[in-house]
Amino acid sequence: MNRLVINDLMNMTILCRIPLYLYRMSMLTLCLFLMGYPVFLWAQVPTTNKGQSNKTQTVTITTSFKPTLRAVSKLNFITAVPSNTPIDKVELKYDVPQQNLFFSFKPIGVKPLALLSNLPIFPRDHYLKLGFGNYLTPYAELGITLGNMKKTSIQLYTDYLSSNGKALNQQYTKAQANVKGNFILSKNRLNLETSIFYNYSQQYKYGFQPDGLRFSKDGLRQTFNTFGFNIGLSNLNYNRFKVNYHPSFEFRYFKDNNKGSEAKFTVSYPFSIPIWRTIGFDFNRYADLTIFKSPVASIYNYLVSLRPGFTYLHPKVDVLIAPNITINNKGAKLNTAEVTVLPIVAVKAKVIQNYIVAEAGWKGYYTKIDYQYLASINPWLAQPTFLNNTRNIEEYFGLSGALFNHLTYHTTFNFIQTRNYSVFINDTTAGSGGKSFNIVNINKMNIFKIHTEFAYNVRDKFHAVVGMNYSKFYGLSNGLQPWGLLPVDFEANLNWKILRGFYAKMDFFVWQGALYQQAKNNTYTTARLGAAADMNIGLSYQIIKNLGVWVQLNNIFNNQYQRWNQYTVLGFNVLGGLKISLTK
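Heads up: these notes are all about the structure in this document. (Residues numbered from 1 in each chain as written. Predicted model: local features only at pLDDT ≥ 70, side-chain atom pairs only at ≥ 80, totals over all residues. Heavy atoms only, no water.)

**Topic: the pattern of salt bridges**
Item 1. Counted under the stated rule, the structure contains six salt bridges.
Item 2. Here Asp-288 makes a salt bridge to Lys-264, at a shortest N to O gap of 3.5 Å. Of this pair, Asp-288 sits in strand E10 (residues 279-293) while Lys-264 sits in strand E9 (residues 261-276); the two residues are 24 residues apart in sequence, bridging distant segments of the chain. For the residue pair Asp-288 and Lys-264, the accessibility class agrees, reading buried in each case.
Item 3. Within this structure, Lys-264, Asp-288, Lys-368 and Asp-370 form a network of salt bridges that share partners. (Salt bridge = Lys/Arg side-chain N within 4 Å of Asp/Glu carboxyl O. Helix = DSSP H or I, 4+ residues; strand = E, 2+ residues; numbered from the N terminus. Buried < 20%, exposed > 50% of the residue type's maximum accessible area, 1.4 Å probe, protein only.)

Structure below.
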């Protein structure tokens, strides 16, 4: 029989039984009422006992208790089977409701017992270091720190070093003195940084050829004096607008012994402010003015940069996008300037937490060129007749991170397009002997550079860094060469606490020689200097609390190499002495 017909008959049967069910329930109710009424009347009859007054007792039933078990939660399996689908081809789909778990105890964030203060750490150290070595090399160093070390610190530092080599007039003297101050102001909200410095260096242009040339010693002397000061202000804590700022001003005066002088003024005002969650606004304003005077040239060189940009800071990705609007002085006067807009795009992402961090970017910037900057690279240069700032547009990609618990690495690949790059060549004027270096401007040059660095650290006991740079110079204009630039250089540094009070350090350098221009029979050719290797080792030992000894071994291989053509460095030399601690 059809399933629908059976269902209809069952429904009709149930409907027919409803009146009979109601009749039986009404009769049962009437019987219960008649049986319970006498009991109700009997409960209302007053009873009298001896020694008690007449009272009416009433029993009222408010509720009844029926023990039951709570319904057990069951998973709800729901499936829909179409009536016209064969049973062997039915696709069963079940909807399993999500089971939410609620725990009585919830984990809380782990916090340190005491947070480190964001105030600068001012070490207190007073010491005097004295030494002497071969090549008639005296050395002296003094360091003193004053202040309460909490909100005020004044650090005084000075040193002196001179040496006399075996070659004629191969001698130099270096000295410096500076005073730095840090002051916490306005209830630990501001940090005032100030410094006053003075640097002195003197060397003689002994690298002339042929050796038969004769020059007066005073004519070979090259002396540089630098005096200046700077002041900066930075916030230690965010204000109510959460602005982070660090304005600074610096003045520097540089002078040689040949009536050449340079005054430099630098102003910088970077600040950043958060906009919304991980997005912030970053702004940097930089201005640099240099006034150079010499008997043959008068140059005004300035560089102004405005960099408004936006940052995106995320635990895994950091992004900076900003235009670098720059005003660059093209000539020797103040009214010759060009305005350029250079790109700045930098991205850093954590590919694998702490193990692989990738970075990539495209940035444009200028390198400010002045007399003091060039002298810091090559101290035997002649006075410049022009100062052109170098424009760089760099594309880079790099990886960094930690390989093991103590080993970190950093590798970058850089492609740089430069404009107005300054290099050095020997002066080929008749009778000069090539002892001075003239500055040559390369209009266009491309550089492909690979930098690799590994560092190994074990707390304060051992620290080692190994780095290498490979540079390929190509696309030079005007038929010039990258004179004086190193194509390959390798460097390793090590600091080791061998025992308590016994320290060792090591510096190791290897590089491929740079190209230089040589003149012979009124013709100019390009040659390359030989490769160089140099190693320095230093040892120090604390004998008692306030007294220690130290020794420095330089150029252990006694390699007579040249960093600049015709200037051979000192051979193996030893320098040692005492270090006296003035701290109680």
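Let's pick the thread back up.
**Considerations on the side chain of Asn-378**
Item 1. Along the polypeptide, Asn-378 turns up in the loop between helix H3 (371-377) and strand E15 (390-402).
Item 2. Of the residues examined, Asn-378 reaches a relative accessible area of 0% and is grouped as buried.
Item 3. Sequence-distant contacts of Asn-378, that is, excluding residues within four places in its chain, are made with Phe-424, Phe-437 and Trp-564. (Contact = heavy atoms within 4.5 Å.)

**Some points on the nonpolar core**
Item 1. Leu-374, Leu-381 and Phe-424 are the most contacted members of the largest nonpolar core, which totals 18 residues.
Item 2. Sort the elements by how many residues they give to this core and H3 lands first, with three residues.
Item 3. In this structure Phe-424 touches Leu-374, Ile-377, Asn-378, Leu-381, Phe-437, Asn-438, Ile-439, Trp-483 and Trp-564, once residues within four positions along its chain are discounted.
Item 4. With 12 residues, the next largest nonpolar core counts Ile-416, Val-440, Leu-480 and Leu-485 among its residues. (Core = buried A, V, L, I, M, F, W, Y, C linked by side-chain atoms within 4.5 Å.)

**Some details on unusual backbone geometry**
Item 1. With an omega dihedral of 0°, the bond running from Gln-209 to Pro-210 counts as a cis peptide bond.
Item 2. Here Pro-210 lies in the loop between strand E5 (190-204) and helix H2 (217-220).
Item 3. Phi at Leu-136 takes a positive value of approximately 50°, unusual for a residue other than glycine.
Item 4. As for its placement among the helices and strands, Leu-136 is situated in the loop between strand E1 (127-133) and strand E2 (137-146).

**Brief notes about empty space enclosed by the protein**
The probe, sized like a water molecule, is rolled over the atoms to show the empty space still left.
Item 1. Evaluated as defined, the whole model comprises one cavity of 30 Å³ or more.
Item 2. Taken as a whole, the largest cavity holds about 80 Å³ of empty space.
Item 3. In terms of residue class, the lining of the largest cavity is built from nine nonpolar, four polar and one charged. (1 Å grid on protein atoms, 1.4 Å probe; cavity = no way out; pocket = protein on both sides within 12 Å on 5 of 7 lines; lining within 4 Å. Points joined across faces, edges and corners; volume = space filled by probe spheres on them. Nonpolar A, V, L, I, M, F, W, Y, C, P; charged D, E, K, R; others polar.)

**Overview of the side chain of Asp-427**
Item 1. Mapping Asp-427 onto the fold places it in the loop between strand E16 (407-426) and strand E17 (437-458).
Item 2. Despite its burial, Asp-427 pairs with no opposite charge; the closest candidate is Lys-435, at 6.4 Å N-O.
Item 3. Side chain to side chain, Asp-427 and Thr-429 meet in a polar contact 2.8 Å long.
Item 4. Setting aside residues no more than four positions away along its own chain, Asp-427 makes contact with Ser-432, Gly-434, Ser-436, Phe-437 and Asn-438. (Lys, Arg positive; Asp, Glu negative; His and termini not counted. Polar contact = N/O pair within 3.5 Å; in protein donor to acceptor, adjacent residues only side chain to side chain.)

Read these as spatial facts, not as claims about activity.
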